[in-house]
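Here is how the chains run, residue by residue.
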Amino acid sequence: MNIGPHEKDRDIAEVSARSDRGTRRGGPDALIRMGLELALVLVDAAEAAGNLALGRFEHAATRCAQAGIPIEAVHAVLRDGVDAGLAGPVAGSPGRRTPRDQVEPGVLSDFLEALNSVVARSYAN
């Protein structure tokens, strides 16, 4: 499994954890090390989930292409779906902010561009 650019950092953390077995493992250093190791696990899980979701999305786009649905319609539905998903207020959010308010500028356009490129690739095949 490809775990991304942080793979080297994970190897360093594992070697460091193994070499410290004979020393005192309590204290802030051990907690920081544990926190970093857990963060790497979460990044791995998020990456795997993202790859799975994109694979499913690409499969759906391929089926749309095979069914003869115009690519423009798929792009429009994709844009509308992302807009609808980001329009509602976030539960428990102070001031009832919408998810769109919490997304950094440019991230949404990069996300849509990535999804649109998956659709275009599916239609090119």
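Counting from 1, residues in each chain are numbered in the order their sequence is written. Thresholds applied to this predicted model are a pLDDT of at least 70 for local features of residues and 80 or more for the giving and counting of side-chain atom pairs; totals over whole chains, interfaces and linings are not thresholded and use all residues. Hydrogens and water are ignored here; the side-chain numbers use all heavy atoms of the structure.

Draft legend 1. Structural view of the overall build of the chain. Numbering of helices and strands runs from the N terminus; a helix is a DSSP stretch of H or I covering at least four residues, while a strand is a stretch of E covering at least two. When its secondary structure is counted, the chain shows 5 helices and 0 strands. Helices and strands in the chain line up, N terminus first, as α-α-α-α-α. Every one of the 125 residues in the chain was classed for burial, and the buried ones make up 18%. When contacts within the chain are restricted to residue pairs at least 6 apart in sequence, those whose partners lie at least 24 apart make up 64%. Here the term buried applies to any residue with accessible area under 20% of the maximum for its type, exposed to any over 50%, and partly exposed to those in between, with areas from a 1.4 Å probe on protein chains only. Between two residues, a contact is recorded if the distance between any of their heavy atoms is within 4.5 Å.

Draft legend 2. Highlighting the packing of helix H2 (residues 28–66) against helix H5 (residues 107–124). For the pair H2 and H5, interaxial distance at closest approach is 8 Å and the crossing angle is 45°. Classified by the angle their axes make, H2 and H5 are oblique. Along this stretch, H2 crosses H5, giving a crossing that reads as right-handed. Mapping the contact onto sequence places Leu54, Phe57, Glu58, Ala61, Thr62, Cys64 and Ala65 in H2 and Leu115, Val118, Val119, Arg121, Ser122 and Tyr123 in H5. Looking at the contact of H2 with H5, its residues break down into 9 nonpolar, 2 polar and 2 charged. As a rule, the C-alpha atoms of each element are fitted with a line to give its axis, helices using only the stretch in contact, and angles between N-to-C directions run from 0 to 180 degrees. Each angle is binned into one of four classes, with values under 35 degrees roughly parallel, values over 145 roughly antiparallel, values of 65 to 115 roughly perpendicular, and all other values oblique. With the far helix as reference, a near helix turned anticlockwise by less than a right angle produces a left-handed crossing, and one turned clockwise produces a right-handed crossing. The nonpolar class holds Ala, Val, Leu, Ile, Met, Phe, Trp, Tyr, Cys and Pro. Asp, Glu, Lys and Arg form the charged class, and all remaining residues, Gly among them, are polar.

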